[in-house]
Structures are given as C-alpha cells and as structure tokens.
Amino acid sequence: MGTIPSETIEQIAAANDIVEVIGSYFPLKRAGANYKALCPFHQEKTPSFTVSPGRQTFHCFGCGVGGSVFRFVIDYEHVDFPSAVRKLAARVGITVVETSRGGAAEEDQQREARRLLLKLHAEAAEWFHNNLMKGQFAAPARDYLEQRGIDRQIIKNWQLGFAPDRWDALLKWALDRGYTRPQLLQSGLVKLRDESDTRSEIYDRFRGRIMFPIHNDVGEVIAFSGRLLKDEEGAAKYLNSPETPLFRKGNVLFGLHKSKRALIEANSAIVCEGQIDLISLFEAGITNVVAPQGTAFTENQARILKRFVDEVVLCFDSDTAGAKAAERSLDALLQNDLIVRVVELPRGEDPDSLVRREGKEKFENRVTSAQDFFDYWIEREMQATDVSSLGAKLQLARRLAETISRVHDSLMRGEVVNKASARLGVSPADFGTLLSTRPRGTASSEAPESAHAQAGPRPRHDIAMLCLLALRDEAARSFLLAQNWRETLEQVPDAEILIRILQSELHPDDPASLSAFMASLSPGEEALVSAWLLQKVPADAETMVEKWWLGIRHAMLRRRLAAAQNRIKLPGLSTGDIVNLQKQILDLTQELHQLPKLSSATKIDS
C-alpha cells in the first residue's frame, strides 16, 4: 500500500467541518463558541464532550479522548487511519491518490482495479435496487417482501434489489456502461459457462433473486447475497458472491456497517443466521445485531467482533442445524475471549418471525434471559446421552472436556469445569484430568490489544505552556522557531511533544494544518494536543513565551554548569581535560549572566 500525502490530508480536513461531521452521528448543542454533547466514548450524565468549530477539534474532559476529525471517525467507526481519510474524502468528493513506496506501477494497477470493482458493485447495487422498486417484473419480489414485513422504506434503508430471471440482464447493462469482460468476471457478478475454458460464454450469476448488498465496515458494497424467489430443484435458497479481491466471506459480518455503534454501546452482539432476520431485528429497534456470511463464525469474524463487544448472544434457528451452527461458532468465539450466551427460540420460529409476532420488548426479554452457552450445551448433551452407560458417559465427558479446553480465561474455565463435573456426577479434579494442559489455539506469548487510548501524561508545566503557545499563537511560534530550540530541547526532559510541534509545518491560524499535524500523532498525544487547543491563550502570549523559554534556558545552562563543575573535581584528569572544562565553565557562566533575570513565576529548579 502507498501513503496518503500530507497535502491531501490537509485538503480533506479543510473540507470536512468537524461540527457537521460529528453532528451527523449525534446531536450537538451550542455552548458559547463551542458545541457540547454527552460523550459517546464513556457513560456520563453531564455533557463534557466539547467540539471546537474554530480549532476543528474535539475533546472530552471526562475521559480524556480527543483530536481531529480523523481521530473522531477512527474511534467512533472503529476503523484505521487510511479508512477514516477515505471515508471523509468520499463525503466531500475528494479523490485520494496515494504515493507508492515501491513497485509503483503494480500498486497503481491494484488500486485502480479495486476502485473500479467498488464502483461496479455500487452501481450494480443501485441497478438491482431500481429493478425492485420500479420493475414490473419484480412485483412478485415486492409481494414476497411485503409478506415478510419488509416495506418500501425498509427496502430503501437496506438498498435491497432484484436480479431479473434472465441469463444476461446484468451482463448487458454492465457492458453498456463500459465495464469489460475481465472486470465482470473478477467481480463475481457473472460466471463462465465452462469453468475450464476462460474463453467460454459468460452469464449472470444472480437470476430471479432478491439481492442483499453486503458492505464492508466502512459502508462500501463489496459483494451480494441473493435469495431465490421461487424454489427450484437443485438450486440453493441463498447464493453469495464468490471470493473476490474485495470479498472474503470469512472476514465479513453482514450489517456491521449499520450496527457497530450499537454494538459498542451495548457491549453485546446479537448474532442471527440470515439477512432477513437481521433486518427485521434492526428495523424493530434491536440494533446491536450482526450475521456471519454462513452459519458458523470464523476466527477472523470473531476477532472483528471482539473489537466492538465482550459478549455474543447467539440467536440461531431452533432446529438441529441452528444448534450445530452454535457449536461450530464456539471455538472461534472462545479463542477471542468472548462471553457466549444462547437464545433458545421456540420450535419453528426464527428471529424474524418471533420479533414480528411478539414485538421488540418480548424479544429483548429473551435476549436478557439467554442462557450461558455452557449451561445450554451441557444440558443438550446430557439429554442426548444415556449416562447410565459407563462407555457413553466417558465419551460425553471427553467431548465436554475437549470443548472446555478451548476456554482461555482461567476463571471462566474453572466455572465451566464445576458445572460439567456436577452434571456428570464426578469430582472437578477427576474431570480436570481430561482437560488439555493448554487451551487450544493459544500462543506461547500473547500481547493484549491496547485499550482505547486516552490523553497521555502531561509534560511538566513549562513545556506544556510552550506547547500551548506554539499551537495557538503565530507570534509565539515564530519566536520559538527563531531560537536555538532543537539543541536546547534535546537536553530537556518531557520536551518530545514540543519538538514535534516545532518541527511540523502547522500554522496556528489554520485548523486544517492542525488536523494534518494531529494525524501524525499517537492517540494519546492527539488527545493531549486537543486539550491544549481548547484552552484559553494568555493575552500577552509574546511576553509569556519569552519568559517560559528564558526559564528553560536558565535551567538547562545551570544543569550543564553544575555538571562541568562537578567533573573538574574528579581526580586523574589530564591537563587538556582541565583546560577544556575551565573554558566550558567560563562560557556557561558568561551565558547565564547575559540572560535576563528570571521572575519567580518562571524560575525553574535545576
């Protein structure tokens, strides 16, 4: 991958007003020159989340998070920096062109191919959607969705579509729009009639199906899932796009682009099997929902979910296939230290039918009272086993032990061992001998993922004051840049952040350049800078910056003088060493005398 030029980052920051961006996620209320809201990153009753339109920054004085418009999108959307930049660029119609770090031609080709694939998927989603909304041939699909409780507004909300029951409807549409045969084959929207011959005829993959666009977590259409409108012998009810450069089935969770904020707030994910189940729950107001692309969770899907929640509530169908899917999901979920619970649905019901029949409140009650997975699973296994048979009981014990061995958390593991041994009627110690000594899937050393970064430790007061002035006042910044600042600050503790500020190309009166500078910082540093940007600047900034700088110079010179005076007292120095130290002491003493006298307010102990 390439890098995004700082000029582009600055351009995107200038075009995205932070008040408008954050205001599109939740309401902001004006408070003097700024705006305030309840912080989305921690629970609070009094608003401490502040947005500055003048500085184009946000900061929460409760939990300490803060930064530029890029940092907000990164933290709120749970995306990386390049994704946040692209999302904000797309919002204002700016094209992001990355500079290559090597293999430029190949990287440019890959980037252009990806852009065209995304464009094709976005336009195909719109074409499918228009078919469903307006096409006479799609009337049966509209009737079917209406019977399932999905009205026109819900169809629009999820951009549902319909693929005509013809072999070449999408193919002709795409060729007319200038897409090539190789691009269409790479997208998976068409397929070869003879898979062994790349020159054979191509035709539409999706025909006569209701189309569900599949999005990545930043909202781009990357694939489709098509539901057959009428059953055909030998045809799958649901058909997904094949693996493509955009789409890896095991890496995507359906609905995540809409539900991730609700997942974070609930710290719990309701997982259902199908797209219609998810849509019905979401539109009923139960928004912390996702669906795997298939029934069982993959390791990557579980890892993605762990970014948002600590608990998963499986809400699969009540049939045997649903129970097996829950069991197959367990391994991946446990390996990511997720707490797993299971909603037992009445036989013959699925989440879609249940929420439409019972309503939101009763369904939420089912979720609240959902069983711990191991309680549910142990009970099912016990009911299906003749425990009066010693052989069957031993086999069951080994099966239970194999699964419990996957639990990483030692406390949870102990609780589950107690439950299983109690139901089997054996001692926890005896049952424990069946467990693997190491939970399956663990590494020899695991570094926990860093928690959400808050403001880093503040530097000492004099450095913090100079940081504030260098960020907020052009004249103060110019004064510092005119000094021998690099040589001085490299000898001063806690000055790294001030060095970063001075060596950057930021301009205190240009919020876009401040945003571009903050994009180069760590989350903790960015939170610290965002707090400084919301503080008041002293009226006499030029005088203050000179005083604080003078204090730092005095302290640095006194430290160097004391070190030289102590060193000259050491025994065994050569004549040359003594002469050099005497000269150094004389020069430092003269430099100190030439500096103006310090006031008590800025005097710094050496």
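Think of each chain on its own: its residues are numbered from 1, step by step along the sequence as written. A pLDDT threshold of at least 70 governs which residues receive local features in this predicted model, and a stricter bar of 80 or more applies before side-chain atom pairs are shown or counted, although totals over entire chains, interfaces and linings include all residues. Based on all heavy atoms of the structure, the side-chain values leave hydrogens and waters out of the count.

Once that is clear, we can look at the layout of surface pockets. Every definition here rests on a 1 Å grid over the protein atoms only: cavities are sets of points where a 1.4 Å probe fits but cannot get out, pockets are open sets enclosed by protein on both sides within 12 Å along at least five of seven lines, and lining residues have some atom within 4 Å of a point. Grid points are joined across faces, edges and corners, and a volume is the space filled by probe spheres set on the points. Here the largest pocket defines a volume of roughly 1,800 Å³. Along the wall of the largest pocket there are 50 residues; nearest its centre are Arg86, Arg114, Leu118, Asn216 and Glu220. Counting residues per element, the ones that place at least two in the lining of the largest pocket are helix H4 (81–92), helix H5 (104–134), strand S10 (221–228) and helix H10 (256–266). Take the lining of the largest pocket: its biggest share by element is ten residues, from H5. When residue character is reported, Ala, Val, Leu, Ile, Met, Phe, Trp, Tyr, Cys and Pro are called nonpolar, Asp, Glu, Lys and Arg charged, and the others, Gly included, polar. Residue composition of the lining of the largest pocket, grouped by class: 22 nonpolar, twelve polar and 16 charged. Under the scheme used here, helices are H or I runs from DSSP no shorter than 4 residues and strands are E runs no shorter than 2 residues, and both carry numbers assigned from the N terminus.

With respect to the helices, strands and loops of the structure, Leu228 is situated in strand S10. Exposed residues in this analysis have more than 50% of their type's maximum accessible area, buried residues have under 20%, and partly exposed residues fall in between, with area computed by a 1.4 Å probe over protein chains only. Exposure remark for Leu228: the relative accessible area of 3% places this residue in the buried category. In this structure, the C-alpha to C-alpha distance between Leu228 and Ile210, residues 18 residues apart in sequence, is 6.6 Å. With residues up to four places along the chain from it excluded, the contact list for Leu228 reads Arg207, Gly208, Arg209, Ala235, Ala236 and Lys237. In this analysis, two residues are considered to be in contact whenever any of their non-hydrogen atoms come within 4.5 Å of each other.

A few words now on the environment of Asp386. By secondary structure assignment, the location of Asp386 is in the loop between helix H16 (373–383) and helix H17 (390–404). When the C-alpha atoms of Asp386 and Leu396 are compared, they prove to be 9.5 Å apart, with ten residues separating the residues in sequence.

A few words now on unusual backbone geometry. Not every positive phi belongs to a glycine, and Gln56 is a case in point at roughly 60°. Residue placement: Gln56 occurs in the loop between strand S3 (49–52) and strand S4 (57–60). In this model, Gln159 sits at a positive phi of 50°, which is unusual for a non-glycine residue. When you line up the elements, Gln159 lands in the loop between helix H7 (152–157) and strand S6 (161–163).

To continue, consider the packing of aromatic side chains. In this scheme Phe, Tyr and Trp rings, the latter by its six-membered ring, pair at centre separations within 6.5 Å, and the angle between planes marks the pair as stacked below 30 degrees, edge-to-face above 60, and tilted otherwise. All told, the structure shown has 23 aromatic pairs when counted by the stated rule. Ring geometry for Phe41 and Tyr76: centres 6.4 Å apart, planes at 75°, overall edge-to-face. Taken together, the positions of Phe41 in the loop between strand S2 (34–37) and S3 and Tyr76 in helix H3 (residues 69–77) put the pair 35 residues apart, joining distant regions of the chain. With a relative accessible area of 7%, Tyr76 lands in the buried category. Ring geometry for Phe373 and Phe374: centres 5.7 Å apart, planes at 85°, overall edge-to-face. In this pair, the class of Phe373 matches that of Phe374, namely buried. In textbook terms, an aromatic cluster arises when at least three aromatic residues are bridged by ring pairs, as seen for Tyr25, Phe26, Phe41, Phe49, Phe58, Phe72 and Tyr76. By definition here, charges over rings are those cases where NZ of Lys or CZ of Arg is within 6 Å of the ring centre and within 35 degrees of the ring normal. The ring centre of Trp167 lies 5.2 Å from the NZ or CZ of Arg193, which sits over that ring. Positioned over the ring face of Trp158 is Lys258, at 5.1 Å from the centre of the ring.

Taken in spatial order, the five strands make up an open sheet running S1-S2-S3-S4-S5, and their pairing is antiparallel. Here the strands that pair on one side only, and so sit at the sheet edges, are strand S1 (29–31) and strand S5 (66–67). Here, strands pair whenever DSSP counts at least two bridges between them. In this structure, S4 lies alongside S5, joined through two bridges in antiparallel fashion. Bridged to His59 within S5 is Gly66.

In this description, a nonpolar core means a group of buried Ala, Val, Leu, Ile, Met, Phe, Trp, Tyr and Cys residues linked to one another through side-chain atoms lying within 4.5 Å. If you look at the biggest cluster of nonpolar residues, it comprises 42 residues, and the most contacted ones within it are Leu132, Leu145, Trp158, Leu160, Phe254, Leu281 and Phe363. The greatest single-element share of this core, amounting to five residues, is contributed by helix H11 (residues 275–283). Ignoring sequence-local partners within four residues, the contact set of Phe363 consists of Leu281, Ile286, Cys315, Pro351, Leu354, Val355 and Glu358. Ala269, Phe297, Val309 and Met382 belong to the second largest nonpolar core, which has 40 residues in total.

Here helix H21 (residues 474–482) crosses helix H26 (residues 541–567) at 30°, and the two axes come no closer than 8 Å. Here H21 lies roughly parallel to H26, going by the angle between them. The interaxial crossing formed by H21 with H26 has right-handed handedness. Of H26, the residues touching H21 (which contributes Ala475, Ala476, Phe479 and Leu480) are Ala541, Glu542, Val545, Glu546 and Trp549. Axis definition: a line fit to C-alpha positions, over the contact stretch in the case of helices; interaxial angles, taken between N-to-C directions, run 0 to 180 degrees. Each angle gets one of four labels, with under 35 degrees taken as roughly parallel, over 145 as roughly antiparallel, 65 to 115 as roughly perpendicular, and the rest as oblique. Crossing handedness: left-handed means the near helix sits turned counterclockwise from the far one by under a right angle, and right-handed means the same turn made clockwise.

Take the pattern of salt bridges next. Close approach of charged atoms lets side chains of opposite charge pair. What counts as a salt bridge is simple: a side-chain nitrogen of Lys or Arg found within 4 Å of a carboxyl oxygen of Asp or Glu. Applying the stated rule across the entire model yields 27 salt bridges. The salt bridge involving Glu123 is made with Arg177; its shortest N-O contact spans 3.1 Å. With Glu123 in helix H5 and Arg177 in the loop between helix H8 (169–176) and helix H9 (181–187), the pair connects residues that are 54 residues apart, well separated along the chain. Owing to a relative accessible area of 48%, Arg177 belongs among the partly exposed residues under this scheme. Residue Glu243 is joined to Arg248 by a salt bridge in which the shortest nitrogen-to-oxygen separation is 3.9 Å. Looking at Glu243, the relative accessible area reads 49%, which means it is partly exposed. According to the relative accessible area criterion, Arg248 is partly exposed, its value standing at 40%. In this structure, a network of salt bridges that share partners links the residues Glu349, Arg357, Glu358 and Arg366.

One can describe the packing of helix H23 (residues 496–503) onto helix H25 (residues 523–533) by two numbers: an axis separation of 12 Å at closest approach and a directional angle of 75°. Compared by their axis directions, H23 and H25 come out roughly perpendicular. Contacts between H23 and H25 involve Ile497, Arg500 and Ile501 from the former and Glu525, Val529 and Trp532 from the latter. In terms of residue class, the contact of H23 with H25 is built from four nonpolar, no polar and two charged.

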